[in-house]
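Summary of the model geometry
Here are the chains, one letter per residue:
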Amino acid sequence: MGQDHSVIDEDTPPKTLSSRSLASVAEYILSGRVKRIVVMTGAGISTAAGIPDFRSPDTGLYANLASLDLPEPEAVFDLGFFKVNPRPFYVLAKELYPGNYHPTVSHVFVRLLAEKGLLHQLFTQNIDCLEREAGIPAEKIIEAHGSFASQRCIECKTEFDAGKMREFVSRGEVPRCEEGGCKGLVKPDIVFFGEQLPKAFFDRKDMAEEADLVLVMGTSLQVHPFAGLVDLAAERVPRVLFNLERVGSMGCQADDVLALGDCDEGVRRLADELGWREELEEKWRGLVGEEEAERQLQGAKKRVEALHDEVAKLAEEVDEVLHLGEKKEKEKEGSHVDALNPENKPDGEGKVVNEVDPVGEDAAAIKSSVKNTDITKTVEVSVETTNALKPVDMPDGGGRIVSEQKAGGQQPGDTKSSA
Ligand code: OAD
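First, a word on what this report is: a plain description of the structure on this page.

Quick notes on the rules
- Numbering of residues starts from 1 in every chain and runs along the sequence as written.
- Predicted model: local features are reported for residues with pLDDT of at least 70 only, side-chain atom pairs are reported and counted for 80 or more only, and whole-chain, interface and lining totals are derived from all residues.
- With hydrogens and water stripped out, all remaining heavy atoms of the structure feed into the side-chain values.
- Each residue's exposure class comes from its accessible area (1.4 Å probe, protein chains only) as a fraction of the maximum for that residue type: buried when under 20%, exposed when over 50%, partly exposed otherwise.
- Under the DSSP-based scheme used, a helix requires at least four consecutive residues in state H or I and a strand at least two consecutive residues in state E, with every element numbered from the N terminus.
- Following DSSP output, two strands are said to pair if at least two bridges run between them.
- Nearness here has a simple test: a residue counts as near a molecule or strand if at least one of its heavy atoms is within 4 Å of that partner.
- We call two N or O atoms a polar contact when they sit within 3.5 Å, provided that within protein one can donate a hydrogen and the other can accept it, with sequence-adjacent residues counted only if both atoms are side-chain atoms.
- Accessible surface area values rest on a Shrake-Rupley calculation with a 1.4 Å probe, where residue burial reflects the displayed protein chains alone.
- Here an angle of 0 to 180 degrees is reported between the N-to-C directions of two axes, which are lines fitted to C-alpha atoms, with helices fitted over the stretch in contact.
- Each angle receives one of four descriptions, namely roughly parallel if under 35 degrees, roughly antiparallel if over 145, roughly perpendicular if within 65 to 115, and oblique otherwise.
- The crossing is said to be left-handed when, going from far helix to near helix, the turn is anticlockwise and less than a right angle, and right-handed when the turn is clockwise.
- In what follows, a contact means two residues having at least one pair of non-hydrogen atoms within 4.5 Å.
- Aromatic pairs are defined between Phe, Tyr and Trp rings, using the six-membered ring for Trp, whenever the two ring centres lie within 6.5 Å; interplanar angles under 30 degrees are classed as stacked, those over 60 as edge-to-face, and all others as tilted.
- We call a charge positioned over a ring when the NZ of a Lys or the CZ of an Arg lies within 6 Å of the ring centre and within 35 degrees of the ring normal.

Once that is clear, we can look at the pairing of strand β8 (residues 239–243). The buried fraction of β8 is high, at 5 of 5 residues. Alternating residues of β8 divide into R239, L241 and N243 and V240 and F242, and every residue in both groups is buried. Inspection of the sheet shows strand β6 (residues 213–217) paired to β8 by 4 bridges, in the parallel sense. Bridge pairing links M217 to F242 in β8. With 5 bridges connecting them, β8 and strand β9 (residues 256–260) associate as parallel partners. Bridge pairing in β9 places N243 opposite L260.

Structure (structure tokens):
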């Protein structure tokens, strides 16, 4: 089941779009040829609302679960682990519970697509219910990993009262089934690792094949079978990625557009190109209120500042490498060693055996690109310059949820119960 994930060459022209840019995507939408937009979302579209994503290195949930004493971060959503120790999940549930957060510009953009009759289907991995809150029609939403909207006993499957659930979650307590002495553990209808995705996902997943445009927003595309949806559309169908980094197979097809950076920022740029910006901002502010809108905008500003710091640090590191390199160059000149001659390669006994010298033109180019990166803007990038999360062959999991990080070890449905 190998997939070719090599990125598209810059010289390869797009087949459908006039160029790989948001302007061209807008032109395509406005041409009237687009009737069925499929949107796929993940935790990145809710970070502006204040909900952490899962896998971002410092700020993601999985990096911040040390205090819960888990065998591995993903155990918090592992059914086998939950059966033995449900507490960590309920600690987290208190943080993530709907009602505390408000939709972002990205959520409202999807609603706008629905209102304009362009949204074929939204597939979301998010469990925060913000799509519903944004006013996207229920029939257009597939919550592929379930949500906090309902809950039931994991033994007898009896539904548990929503009001009571809220009380348990707010106290950080674990609810138990009240049906005829069952006392089974109650769990929100969120899909845990080892569980089947909802039937609706499989009933509607073919809609991804019918798309004439695919928008992917704020997901690492690491969890299957959801991640496989991006590859269902026909090859000439344009796919746009709004994400901090390149993920999955995005960037591998001729009509892939990578809008790398903050997804709200990218969506705003597309809305600008479409002439929908004012409408988008108005709807969003009307929905969340001025105070929340300002809070989210301030948060975005802080994230940009943090990114600035990171880029400055990176530039410094490149500087350091350059400096070291210049020094080495001088030493090399002094000793008249022809490093390009294979016979003169160092033997590697604890010495530098870099075949690609990070010094010189390459490093200078990196340095200048780092310094010139305007991180306040979403960057539409040429695919060669982006990093790739390495996709691996995934078992289809028999419809069960599996994470790529576990692909080598854990098998679908093989729930770990290490407490
Ligand atoms: P991840 O945390 O794996 O990925 C979020 C992606 O969004 C990353 O690529 C981030 O770089 C990116 N990102 C974060 N903030 C962003 C922003 N403001 N703008 C643009 N991009 C941003 O989250 P998911 O892909 O949603 O499963 O994770 C998939 C599943 O893994 C989740 O549904 C969850 C988890 O285990 C369950 O809850 C069952």
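Moving on: the site of the ligand. Around the ligand lies a shell of 24 residues, among which R55, Y62, T219, S220 and E245 are the nearest. Within the backbone of A43, a nitrogen or oxygen atom sits 2.8 Å from an oxygen atom of the ligand. The backbone of F54 places a nitrogen or oxygen atom 2.7 Å from an oxygen atom of the ligand. About the coverage of the ligand: the protein hides 97% of its 790 Å² of free accessible area.

All right, on to the packing of helix α1 (residues 22–30) against helix α8 (residues 263–274) then. Orientation of α1 relative to α8, taken along the N-to-C sense of each, is 50°, at an axis distance of 9 Å. The angle between α1 and α8 places the two elements in the oblique class. In the crossing of α1 with α8, the sense of the turn from one axis to the other is right-handed. Residues L22, A23, V25, A26, I29 and L30 of α1 touch α8, and the partners they reach there are G266, R269, L270, E273 and L274.

This paragraph deals with the packing of aromatic side chains. Using the criterion set out here, one finds 15 aromatic pairs in the structure. Residues F54 and Y62 carry aromatic rings whose centres are separated by 5.4 Å and whose planes lie at 45° to one another, so their mutual orientation is tilted. With a centroid separation of 6.0 Å and 65° between ring planes, the pair formed by F160 and F168 is classed as edge-to-face. By relative accessible area, which is 6% here, F160 ends up buried. Members of the aromatic cluster, joined through ring pairs, are F54, Y62, F77, F82, F89, Y90, Y97, F148 and F192. The lysine or arginine in question, R171, covers the ring of F168, its NZ or CZ lying 5.1 Å from the ring centre. A cation over a ring is seen here: K187 above F192, with NZ or CZ 4.5 Å from the ring centre.

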